[in-house]
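Commentary on secondary and tertiary structure
Residue-level listing of the chains:
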Amino acid sequence: MKEGKVAEATIDRAVARNLRAKFLLGLFENPYVDPQRAVSVTNSEAHRELAAEAARRSIVLLKNENNLLPLDRNRLKSIAVIGPSADRVHLGGYSDNPGRGISVLQGITDKVGSKATVTHAVGCKITKEGGDWWADTSPLSDPAEDTKLIAQAVEVAKAADLAVLVLGGNEDTNKEGWADNHLGDRDSLDLVGRQNDLVKAVLDTGKPTVVLLINSGPLSINYIAERVPAILEGFYLGQETGVAVADALFGDYNPAGKLPVTFPRSVGQLPSYYNRKPTARRGYLFTSKEPLFPFGFGLSYTTFAYSNLSVSPARIGTAGQTRVSVTVTNTGKRAGDEIVQLYIHDLVSSVTRPVMELKDFKRISLAQGESKTVEFVITPDKLSFLDLNMNRIVEPGWFDIMVGTSSVKYQTAKLEVVAR
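Since we're looking at a predicted model, the values are computed, not measured. Going along each chain's sequence as written, the residues are numbered from 1 onward. Owing to the predicted nature of the model, reporting of local features is limited to residues with pLDDT of at least 70; listing and counting of side-chain atom pairs is limited to 80 or more, with chain, interface and lining totals taken over all residues. Excluded from the side-chain calculation are hydrogens and water; included are all heavy atoms of the structure.

So, the side chain of Ser406
- Relative to the helices and strands, Ser406 resides in the loop between strand 15 (397–404) and strand 16 (410–418).
- Within polar-contact distance, the side chain of Ser406 engages the backbone nitrogen of Lys409 at 3.2 Å.
- Look past the residues within four positions of Ser406 in its chain and what remains in contact with it is Phe295, Gly296, Phe297, Gln341 and Tyr343. Numbered from the N terminus, helices here are DSSP runs of H or I no shorter than four residues, and strands are runs of E no shorter than two. Whenever two N or O atoms come within 3.5 Å, that pair is a polar contact, provided that in protein one can donate a hydrogen and the other can accept it, and provided that, for residues adjacent in sequence, both atoms are side-chain atoms. Residue contacts follow a heavy-atom distance rule, with two residues in contact if any of their heavy atoms lie within 4.5 Å.

Points about helix 1 (residues 8–25)
- The span expected for a helix works out to 1.5 Å for each residue beyond the first. Taking 1.5 Å per residue as the helical rise, helix 1 with its 18 residues ought to reach 26 Å, and the 26 Å between its terminal C-alpha atoms agrees with that figure.
- In the stretch just after helix 1, Gly26 is the one whose phi turns positive, near 75 degrees.

What to know about the nonpolar core
- Formed by 35 residues in total, the largest nonpolar core has its most connected members in Ile82, Leu167, Leu198, Ile221, Ile224, Leu259 and Phe293.
- Non-local contacts of Ile82, meaning those with residues more than four positions away in its chain, are made with Ala121, Gly123, Ala153, Ala157, Val164, Leu165, Val166, Leu198 and Val202.
- Nonpolar core, defined: a set of buried Ala, Val, Leu, Ile, Met, Phe, Trp, Tyr and Cys residues in which side-chain atoms within 4.5 Å join the residues together. Buried means the residue's accessible area, taken with a 1.4 Å probe over protein chains only, is under 20% of the maximum for its type, while exposed means over 50%, and partly exposed covers the values in between. Core analysis: the second largest hydrophobic core is formed by 29 residues, Leu69, Leu162, Leu212 and Ile214 among them.

Here we look at unusual backbone geometry
- Of note, the bond from Leu270 into Pro271 is cis; its omega dihedral lies within 30 degrees of zero at -5 degrees.
- Relative to the helices and strands, Pro271 is located in the loop between helix 8 (241–249) and strand 7 (304–312).
- Phi at Phe235 takes a positive value of approximately 55 degrees, unusual for a residue other than glycine.
- Residue placement: Phe235 occurs in the loop between strand 6 (230–233) and helix 8.
- By relative accessible area, which is 16% here, Phe235 ends up buried.

Some details on the packing of helix 4 (residues 104–112) against helix 8
- Fitted lines through C-alpha atoms give the axes, limited to the stretch in contact for helices. The angle between two N-to-C directions lies from 0 to 180 degrees. Contact pair helix 4 / helix 8: the axes reach a minimum separation of 7 Å and the direction vectors enclose 50 degrees. It follows that helix 4 is oblique to helix 8 by the angle criterion. Crossing geometry of helix 4 relative to helix 8 is assigned as right-handed. Along its contact with helix 4, which presents Val104, Gly107, Ile108 and Lys111, the element helix 8 presents Thr241, Gly242, Val243, Val245, Ala246, Asp247 and Leu249.
- Residue polarity follows a fixed list, in which Ala, Val, Leu, Ile, Met, Phe, Trp, Tyr, Cys and Pro are nonpolar, Asp, Glu, Lys and Arg are charged, and the others, Gly among them, are polar. A breakdown of the residues in the contact of helix 4 with helix 8 according to their chemical character gives six nonpolar, three polar and two charged. Orientation categories follow fixed angle ranges, with anything under 35 degrees roughly parallel, anything over 145 roughly antiparallel, 65 to 115 roughly perpendicular, and all other angles oblique. Each crossing gets its handedness from the near helix: less than a right angle anticlockwise from the far helix is left-handed, clockwise is right-handed.

Quick notes on the sheet that holds strand 1 (residues 60–64)
- Note: two strands are recorded as paired if DSSP finds a minimum of 2 bridges between them. Taken together, six strands build an open sheet; the order of strands is 1-6-5-4-2-3 and the sheet is mixed. At either end of the open sheet lies a strand with only one pairing partner, and these are strand 1 and strand 3 (117–121). Adjacent strand axes in the sheet meet at a mean angle of 20 degrees, parallel and antiparallel pairs treated alike.
- Of the strand pairs in this sheet, strand 2 (residues 78–82) and strand 4 (residues 162–168) are connected by four bridges, and their pairing is parallel.

Description of the packing of helix 5 (residues 143–158) against helix 6 (residues 195–203)
- Two elements in contact, helix 5 and helix 6, have axes separated by 9 Å at closest approach and are oriented at 30 degrees. Relative to helix 6, helix 5 is oriented roughly parallel. Pair helix 5 / helix 6 crosses with right-handed handedness. Together, Ile150, Ala153, Val154 and Ala157 of helix 5 and Asp197, Leu198, Ala201 and Val202 of helix 6 make up the contact between the two elements.
- Residue classes in the contact of helix 5 with helix 6 are distributed as seven nonpolar, no polar and one charged.

A few points about the sheet that holds strand 12 (residues 371–378)
- Overall, antiparallel pairing links the three strands, which are arranged 7-9-12 in an open sheet. A strand with exactly one partner marks an edge of an open sheet, and here the two such strands are strand 7 and strand 12. The mean angle between the axes of side-by-side strands here comes to 20 degrees, regardless of whether they run parallel or antiparallel.
- Inspection of the sheet shows strand 7 paired to strand 9 (residues 322–330) by seven bridges, in the antiparallel sense. Counted as the bridge partner of Ala305 is Thr329 from strand 9.

A closer look at the pattern of salt bridges
- Salt bridge, as used here, is a side-chain nitrogen of Lys or Arg placed within 4 Å of a carboxyl oxygen of Asp or Glu. Applying the stated criterion across every chain, the model contains 22 salt bridges.
- Ionic pairing is found between Glu145 and Lys125, a salt bridge with its closest N-O pair at 3.3 Å. Pair noted here: Glu145 is in helix 5 and Lys125 is in the loop between strand 3 and helix 5, with a separation of 20 residues, a long-range link.
- The partner of Glu375 in a salt bridge is Arg323, with the nearest N and O atoms 3.4 Å apart. Residue Glu375 is located in strand 12, and its partner Arg323 is located in strand 9; the two are separated by 52 residues in the primary sequence.
- Taking relative accessible area as the criterion, Glu375 reaches 36% and is therefore assigned partly exposed.
- Taken together, the shared-partner salt bridges connect Glu49, Glu53, Arg56, Arg57, Arg73, Lys111, Asp247 and Asp252 into one network.

Brief notes about the packing of aromatic side chains
- For Phe, Tyr and Trp, where Trp contributes only its six-membered ring, two rings pair if their centres lie within 6.5 Å, and the inter-plane angle classes them as stacked under 30 degrees, edge-to-face over 60, or tilted in between. Using the criterion set out here, one finds nine aromatic pairs in the structure.
- On the numbers, 6.3 Å between centres and 75 degrees between planes, the contact of Phe235 with Phe263 is edge-to-face. Taken together, the residues span a long stretch of sequence, with Phe235 in the loop between strand 6 and helix 8 and Phe263 in the loop between helix 8 and strand 7 at a distance of 28 residues.
- Remark: a charge is flagged as sitting over a ring if the NZ atom of Lys or the CZ atom of Arg is within 6 Å of the ring centre and within 35 degrees of the ring normal. Directly above the ring of Phe376 sits Lys362, whose terminal nitrogen or CZ lies 5.5 Å from the centroid.

Structural notes on a nonpolar patch on the surface
- A cluster of nonpolar residues, Met1, Val6, Ile11, Val15, Leu19, Phe23 and Phe28, forms a patch on the protein surface that exposes about 620 Å² of accessible area.
- Of note, Ile11 is situated in helix 1.
- Accessibility expressed as a relative area gives 35% for Ile11, which makes it partly exposed. A residue counts toward a patch only above 30% relative accessible area and without a salt bridge, and it is joined to like-charged neighbours within 9 Å or, for Val, Leu, Ile, Met, Phe, Trp and Tyr, to nonpolar neighbours within 5 Å. With residues, only the protein chains shown are counted as cover, and all accessible areas are computed by Shrake-Rupley using a 1.4 Å probe.

Structural data, given as C-alpha cells:
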C-alpha cells in the first residue's frame, strides 16, 4: 500500500467483508464457544439424517439387468456381503474422523433384521494396509492371502441366496502425492489387486450378484460392466454409507444420482469428457470410442419419458433471453426423482466450441404416472464464450438446445440468435 500498488480502499473492502461475516455469525456478541454443546450437537439425529440423505442422493445406479434391484427382503433368506470395503467406511483423505461410521455390512444387517441371515467375507484386499492416506507407501496385498480369501468368499456366496460385492478403491489407491516418497497417482483406472478375480469367482457360483463401488474417481470396470447384472456407484458416501446403501438396495430409496464425470473404458481414452471439441475423439483399434458410462448418466427403479420440448421465443437478440420447457412423465411403477439436464451447442462460431455444454439442471420428484413441466431460462451468459481477444461475447447464429436425462440421451430444439 505504501508503494502505491494496492489502494487503501481495496484493503478496507477486504477487511469490511471479513468483519461483516463475523458480525453475521455473532462472534462479537458471543466470542466464546460452548464445548459441551458442540459434543452434544455433533452427530445428533438431525446431523446423521442429513449425512444419510446426502449419501442417498449421491448413489448412482449404473446397471440393473432384469430388474434385479431393488431386493425383496421378504424373499431373501440369506445374503452374502463380500468385499474389501464391505465392513469398513471409507471417507477419503480430506475427512477427519466423524466419530461414527456405518459400514455396508452393518447397514444391510440392520435393514433385514431377523428376516434374513447376513454373512460376510473379505474376499480379497485392495492394498495391504487397507487404506491409509498419510502413509508414504501403499503396498499391494499378498497374492497367496488373497487366494485364500477368495476361496472363503466363494463358500460364503454358495450358501447365500444373493451376493453383494463391495469393491473399488481406498485411501491408498488415490491420495495426494505431496512428495517423491509419498506418491498418490496411478497409471491405470483398473481395479487394484485381485478384485476382478473375486468377481469372477463369485459369479461362477451362479448366485445373483450386485456390485457396489466405493472409490474416489472413475474406474474402468469393463469386466464388471459386462458380466454383473446390477451395479451401484457410491464414490465416498460418508459416515452413513451403510444406511444409504441398504435403503437403495432394498428400494426404501429410489436411486437418482447422475455421474458427475465420464467413466472411460481405459486410460487410453483419456482425456475423456462430454464437453469435447468436435474433432477430439478419434478412437483406437479394436475398441469402442464411446465411454463405458457417460457424463450425466444414472438409472432409476422407475422410467421417465420426455415430451413437448419447446423454446419460446425461438428467436432472440444477443442480449435477449428465452424459456425452455419440457414435460417429464414417470412411466414406471414407483415414485422417483429425475435430474433434468440442459445442454447447449453453438453450431457455428468464430472460436471452436464444445459439442455440448451443461448449462443447467433441475431435480424433480414424480409419483407413478405423474407429469411435470420443467422450465429453464436461457440468458446471454449461457450462450456466451471468450472470443479470440478474450472478450466475452454472444455471437449471432443457431444453437442446439438439448434437454434430457444424460449427455447421450436427450431431445433437441433450435434457437436462433440475431444481431440486435
